[in-house]
Amino acid sequence: MKPASILIVQDDFLAAERLRRLLAQTGYTIVGVAGRTRGATDLAQRHHPDLAIVDMMLEVDVDGIHTATELIRRHQLKILITTGFPDAVIEAEGVPDFACEIVKKPYTDDEILASVARCLAQGPATVSGSPSPPSLHP
Amino acid sequence: MKLSVRLLILVLLAALPVLAIQVNDLLEVREQRKAAIAEQALNLARLAAAQQDQFIESSRYLLAAAAQMPEVQQRDASGCSARMAELRMQFPTVSGIGAVAPDGVQFCSSSGRVAGISLADRPYFQQAARNKTLAISGYIIGRMSGQPHLNFAYPAIDAAGEVRAVVVLAFSLDRLSASLSMAPLPSDATMSLVDGDGVLLARAPPAPEWIGRRVREGPFTQAMRAQREGLMEAAGLDGIERMYGFAPLLASADLFAVVGLPWQPAYRQADRLFWRQILFTVLAFALAALAALVSADLWIRRPIAGLQGAVGRMKQGDLSARASAGRSSSPELRELASDFNDMAGTLERRQAALEASEARFRAVVETAADGIITINAQGVIQSVNPEAERLFGYARDELIGQNVKFLMTSLDAGRHDEYLARYLRTGEARIIGIGREVTGRRKDGSTFPLFLSIGEFSLAGERYFTGIVRDITDRKRAEERQRLLMAEVDHRAKNLLATIQAMVLLTKRDAGSVADFTSTFVGRLHAMGRAHDLLARDKWTGASLHDLIKAEFQAYAAPDDARLRVIGEDARLSARAAQTLSLALHELTTNAAKHGALSVPVGRVEIRSAVNGKELQLTWTETGGPEVQPPAAQGFGSVIVERSIAHELGGAAELLFERSGLRCNIRIPLR
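Criteria and cut-off values
Per chain, the residues get numbers from 1 upward, laid out in the order the sequence is written. Labels are handed out in written order, letters beginning with A for the chains and numbers beginning with 1 for the ligands. Under the rules for a predicted model, residues below a pLDDT of 70 receive no local features and side-chain atom pairs below 80 are neither given nor counted, while totals for whole chains, interfaces and linings still include all residues. For helices, the fitted line uses only the C-alpha atoms of the stretch in contact; every axis is such a line through C-alpha atoms, and the angle between N-to-C directions lies from 0 to 180 degrees. By the criteria applied, helices consist of DSSP H or I runs no shorter than four residues and strands consist of E runs no shorter than two, each listed in order from the N terminus. Working rule for angles: under 35 degrees goes down as roughly parallel, over 145 as roughly antiparallel, 65 to 115 as roughly perpendicular, anything else as oblique. The crossing is said to be left-handed when, going from far helix to near helix, the turn is anticlockwise and less than a right angle, and right-handed when the turn is clockwise. Contact between two residues is assigned when their C-beta atoms, built from the backbone, lie within 7 Å. Think of it as a crowd count around each C-beta: if 20 or more other C-beta atoms lie within 10 Å the residue is buried, if 12 or fewer it is exposed, and in between it is partly exposed, with C-beta placed from the backbone throughout. Only when DSSP finds a minimum of two bridges between them are two strands counted as paired.

### Examining the packing of helix 15 (residues 575–594) of chain B against helix 16 (residues 636–649) of chain B
Residue and element names in this part refer to chain B.
Piece 1. It is at 9 Å that the axes of helix 15 and helix 16 come closest, and there the two elements cross at 165°. Put simply, helix 15 runs roughly antiparallel to helix 16. Classified by chirality, the crossing of helix 16 by helix 15 is left-handed. Together, Arg 576, Ala 577, Thr 580, Leu 583, Ala 584, Glu 587, Leu 588, Thr 590 and Asn 591 of helix 15 and Gly 637, Ile 640, Val 641, Ser 644, Ile 645, Glu 648 and Leu 649 of helix 16 make up the contact between the two elements.

Here it is in structure tokens:
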């Protein structure tokens with residue numbers, strides 16, 4: 001069976017590199033590591049990964065939410081969100097509606113791997129409570 | 001009613017009894033005078049009657065003497081007439097004397113003429129002849145003279161007792177009147193002789209035209225006949241009011257002496273006295289009235305006018321008004337003025353204190369940094385302060401009289417009436433005494449958050465509410481900023497922990513020993529810390545490239561170390577770029593110190609910077625170090641240098657392992 005392919009969207013190089021090495025070591029195919037939305041969507045278009053691990057952030061030009069919704073809208077990816085934000089912000093931004101898993105930073109190797117496995121075990125990606133993804137940002 | 005009128009009425013009331021007493025006195029005096037006159041009239045009448053009696057008595061003597069004359073007894077006509085003429089000469093008041101035969105025919109006369117006149121039908125003759133006594137005629141017109149007379153008849157009786165003749169004595173009534181007039185009488189007084197038929201026989205002063213006329217039948221004649229003697233008040237024939245006294249003669253019950261005394265003169269005298277008294281009384285009371293008016297003016301009206309003036313000025317609002325009663329006014333009024341002034345002083349001080357307190361209170365309200373709006377129980381705005389005007393953008397005049405609802409958003413406005421009504425009905429407070437955040441609406445339609453606290457007070461039975469409003473836009477923004485900042489701090493801390501965690505895990509892979517791991521990890525952590533310091537210094541707005549490089553070098557060499565050189569244009573790095581570049585420079589410097597140019601004293605590191613358009617170009621060049629061999633396997637430090645800049649900054653980094661020394665070209669896009 002072909003290993004699941006994963007796209008990493010994480011602006012911090014060290015965190016992205018750590019994840020990349022961990023997932024690759026575990027046996028997943030890493031289709032790419034992107035620091036920004038543009039790079040991420042390009043990679044997703046090219047490789048059609050099974051899962052995108054998206055870090056939710058504010059300080060860069062385009063935030064993690066935007067990246068995630070872009071990916072879902074274009075490629076119907078499953079999205080795993082890693083974040084340093086408190087629960088209230090996550091709730092307020094509507095993350096639970098589209099994320100298959102939400103992993104709080106900092107996380108251990110086991111935590112992230114378990115979440116990835118759960119996400120991949122789920123059915124096709126949907127946005128709960130909404131008939132179609134574009135409706136999030138009409 | 002004016003004081004002067006009242007005083008005049010008072011004086012008049014005091015004068016009235018005096019005047020009444022005087023009138024009473026006058027009436028009494030008049031009565032007394034009248035009584036005195038009446039008494040005098042009656043006495044005079046009695047006196048006159050006595051005189052007349054005396055006259056009649058003397059006439060009787062004369063007649064009795066004449067009746068004894070032989071010529072009469074014998075009815076000797078010529079002798080008788082001669083004797084009668086002699087007699088007549090001796091009694092000038094007698095107008096004639098004669099004798100009549102018992103048949104009534106005259107045979108003798110003092111005038112000498114005997115025309116055979118008969119007196120047989122005369123009652124007085126018949127009476128004398130029959131009764132053989134003196135008889136008096138009453139008013140008769142003489143048959144010879146044709147003049148009014150009073151005749152006396154006296155019988156001449158002979159020794160046998162037979163009537164031989166009747167002697168007649170005639171008195172002219174004119175002469176009788178003249179003799180009456182001899183008596184001294186007061187002016188307008190009358191003395192009369194009246195017969196039993198009420199016929200006037202004689203009168204003094206003389207009034208020939210009335211002689212023989214009957215006094216008007218009436219009370220006078222009735223009184224005469226009934227009382228014989230008495231008094232009568234009546235108007236005389238001449239029209240003058242008199243008090244008539246009348247008395248009958250003793251000689252003849254048919255003759256009356258009447259004396260009339262006018263009472264008007266007596267009255268006039270009493271009246272003169274009376275009017276003089278009245279005049280004095282009126283003058284006295286007029287003086288009293290004048291004195292009362294003057295003293296009332298001086299002691300009451302003027303001081304009171306002074307008080308009134310002060311009161312009037314005070315009523316106009318001049319609280320400095322003081323009253324002066326004047327030195328001439330009464331002590332009571334002076335005391336009143338003094339009390340008034342004390343009161344005015346107290347009032348003025350209290351007013352001043354009140355005004356000062358009001359001004360202080362007003363100043364507090366007017367200068368308050370919060371908006372203050374007062375409404376009544378219906379929600380109508382009563383007052384606003386300048387801050388409230390400023391907050392809502394309305395002028396005071398536009399607010400007062402409006403319902404406070406129009407300062408609210410439509411949601412709150414819709415509920416306000418209900419809130420207010422419920423509070424007034426049940427006392428259930430939603431905001432009053434608690435305060436809460438609400439949304440205000442300005443004149444331009446914009447809304448803003450405000451904190452509203454409401455106090456309640458009652459004034460003159462009306463309930464009012466005071467709303468104190470504070471614009472909390474800034475506070476809300478600050479709270480929002482704070483909230484975002486807290487979230488951001490939390491987020492950054494967790495990201496930092498995640499980065500450090502990654503750094504630990506990645507460093508561990510390359511580390512040969514725990515000591516190696518520790519020094520490498522701590523070095524990297526310090527590099528991150530230095531970037532953090534620099535960024536914090538400029539409040540995370542960015543950092544200078546040269547400062548960043550110097551800070552990194554200083555961790556390995558003294559500031560004046562000649563082996564290190566920074567050349568070229570400085571650039572302003574974003575916070576993100578500063579953090580990324582800091583770690584890359586750390587890796588280059590560590591490598592140079594361990595294996596490269598900085599591992600020997602003669603080595604050199606030169607960093608050249610240039611800004612080319614929107615791109616920063618950095619060149620790291622090592623010289624003078626040990627000969628460089630390209631590494632067999634790529635270390636994690638190289639990975640950081642080459643890939644972190646590309647990944648995080650969208651730039652590029654290239655490591656060139658030249659024999660003379662390591663070289664690194666870095667390009668970073670500048671924002």
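Now that the structure has been shown, we can carry on.
### Describing the pairing of strand 9 (residues 241–248) of chain B
When a strand is regular, its side chains alternate between the sheet's two faces.
All names here are of chain B.
Piece 1. Across the eight residues of strand 9, seven count as buried, placing the element largely inside the fold.
Piece 2. By the bridge criterion, six bridges tie strand 8 (residues 230–235) to strand 9 in an arrangement that is antiparallel. Among the inter-strand pairings, Ala 234 is bridged to a residue of strand 9, identified as Arg 242.
Piece 3. Counted along the chain from strand 8 to the antiparallel partner strand 9, the turn is five residues long, and its residue Gly 239 has a positive phi close to 90°.

### A few points about the sheet that holds strand 9 of chain B
Residue and element names in this part refer to chain B.
Piece 1. Overall, antiparallel pairing links the five strands, which are arranged 7-6-10-9-8 in an open sheet. For this open sheet the edge positions go to strand 7 (200–204) and strand 8, each flanked by a neighbour on one side alone. On average, each strand axis in the sheet is tilted by 25° relative to the strand beside it, whichever way the strands run.
Piece 2. Across seven bridges, strand 9 lies against strand 10 (residues 255–262) in antiparallel orientation. Across the sheet, Met 243 pairs through a bridge with Leu 261, a residue of strand 10.
Piece 3. Seen against the sheet, helix 1 (residues 3–67) touches strand 6 (190–195), strand 8, strand 9 and strand 10 and runs at an angle of roughly 40° to strand 9.

### Things to note about unusual backbone geometry
Most peptide bonds adopt trans geometry, and most residues besides glycine take a negative phi value.
Piece 1. Of note, the bond from Lys 105 of chain A into Pro 106 of chain A is cis; its omega dihedral lies within 30 degrees of zero at -10°.
Piece 2. With an omega dihedral of -5°, the bond running from Ala 204 of chain B to Pro 205 of chain B counts as a cis peptide bond.
Piece 3. Position of Pro 205 of chain B relative to the elements: it lies in the loop between strand 7 and helix 6 (219–227).
Piece 4. One non-glycine residue, Gln 76 of chain A, adopts positive backbone phi at about 50°.
Piece 5. Residue classification places Gln 76 of chain A among the partly exposed positions, given that 14 C-beta atoms sit within 10 Å.
Piece 6. Despite not being glycine, Lys 539 of chain B has its phi angle at roughly 55°, a positive value.

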